[in-house]
Amino acid sequence: MAERFFEVNRISFSRNDLPPEGAAHNKALHLTVKCEGYYVKRVMLYGGSRVDICPLSTLQRMEIRTERIRPNNVCVRAFDGVKRDTIGEIDLILTIGPVDFKVTFQVLDMDTSCNFLLGRPWIHAAGAVPSTIHQMVKFEHEDQEIVIHGEDEQSIYRDP
């Protein structure tokens, strides 16, 4: 029982972590990540998703060949409540902060407001704690706390 109150390594947020506008926002948490030589913005963290999603349009803009997509029989329910079959799944390496993550994405051919959606599979695998109110995500890597701040812009660009 005492362990619950006296943890040494724990992730927490404070008022100092709030964005400049404070808590007076309703923004989703979007990050910038690196993937396949591109910086990808508008990567949404959403703990309500049981899968990690990659829109087909993101792969096309990154010039990733569709032959890398493995067929599967996964059906997802989109934000609009409609069930959609995935095209398949693809493994991509995402660099988030200083850490590389292998992420298995379900590929969907649909318009989305984000370039990737990282759901519970990535959040749990990384041991990440996202905070929409603070507009950041924190996780531990090699006994260090990693803090990644959210962003607002939308684009994909090649690493110079």
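Residues numbered from 1 in each chain as written. Predicted model: local features only at pLDDT ≥ 70, side-chain atom pairs only at ≥ 80, totals over all residues. Heavy atoms only, no water.

(A) Expanded view of the overall build of the protein. When you go through the protein residue by residue, the secondary structure sums to three helices and 12 strands. Per-residue burial over the protein gives 41% buried out of 160 residues. The contacts of the protein with a sequence gap of at least 6 include a subset with a gap of at least 24, amounting to 62%. Here the protein has roughly 9,600 Å² of accessible surface; of this, 47% comes from carbon and sulfur atoms. (Helix = DSSP H or I, 4+ residues; strand = E, 2+ residues; numbered from the N terminus. Buried < 20%, exposed > 50% of the residue type's maximum accessible area, 1.4 Å probe, protein only. Contact = heavy atoms within 4.5 Å. Areas by Shrake-Rupley, 256 points an atom, 1.4 Å probe, with all protein chains shown as cover.)

(B) Structural context of the packing of aromatic side chains. Tallied over the entire structure, the rule returns four aromatic pairs. Here phenylalanine 105 and phenylalanine 116 contribute two aromatic rings whose centre-to-centre distance is 4.7 Å and whose plane-to-plane angle is 20°, an arrangement assigned as stacked. Residue phenylalanine 105 is located in strand S7 (residues 99-108), and its partner phenylalanine 116 is located in strand S8 (residues 116-118); the two are separated by 11 residues in the primary sequence. Under the relative-accessibility criterion, phenylalanine 116 is labelled buried at 0%. (Phe/Tyr/Trp six-rings, centres within 6.5 Å; stacked < 30°, edge-to-face > 60°.)

(C) Up close: the nonpolar core. Of all hydrophobic cores here, the largest spans 33 residues; its most connected members are Leu94, Ile96, Phe105, Phe116, Leu118 and Trp122. Examining the composition of this core, we find that five residues originate from one element, S7, more than from any other. Discounting chain neighbours no more than four positions away, the residues touching phenylalanine 105 are Asp52, Ile53, Cys54, Gly88, Glu89, Ile90, Leu92, Leu94, Phe116, Leu117 and Leu118. (Core = buried A, V, L, I, M, F, W, Y, C linked by side-chain atoms within 4.5 Å.)

(D) Layout of the environment of isoleucine 64. Residue position: isoleucine 64 is located in the loop between helix H2 (56-61) and strand S4 (75-77). Isoleucine 64 gets classed as buried once you look at its relative accessible area, which sits at 8%. As for isoleucine 64 and glutamate 36, which are separated by 28 residues in sequence, their C-alpha atoms are 8.4 Å apart.

(E) The arrangement of the environment of arginine 77 in detail. Tracing the chain through its elements places arginine 77 in strand S4. A relative accessible area of 55% places arginine 77 in the exposed class. Considering only alpha carbons, one finds arginine 77 and arginine 50, 27 residues apart in sequence, at a separation of 10.0 Å. When neighbours within four sequence positions are excluded, arginine 77 is seen to be in contact with Val82 and Lys83.

(F) Examining the environment of glutamate 63 more closely. Within the fold, glutamate 63 resides in the loop between H2 and S4. The exposure class assigned to glutamate 63 is exposed, which follows from its relative accessible area of 62%.

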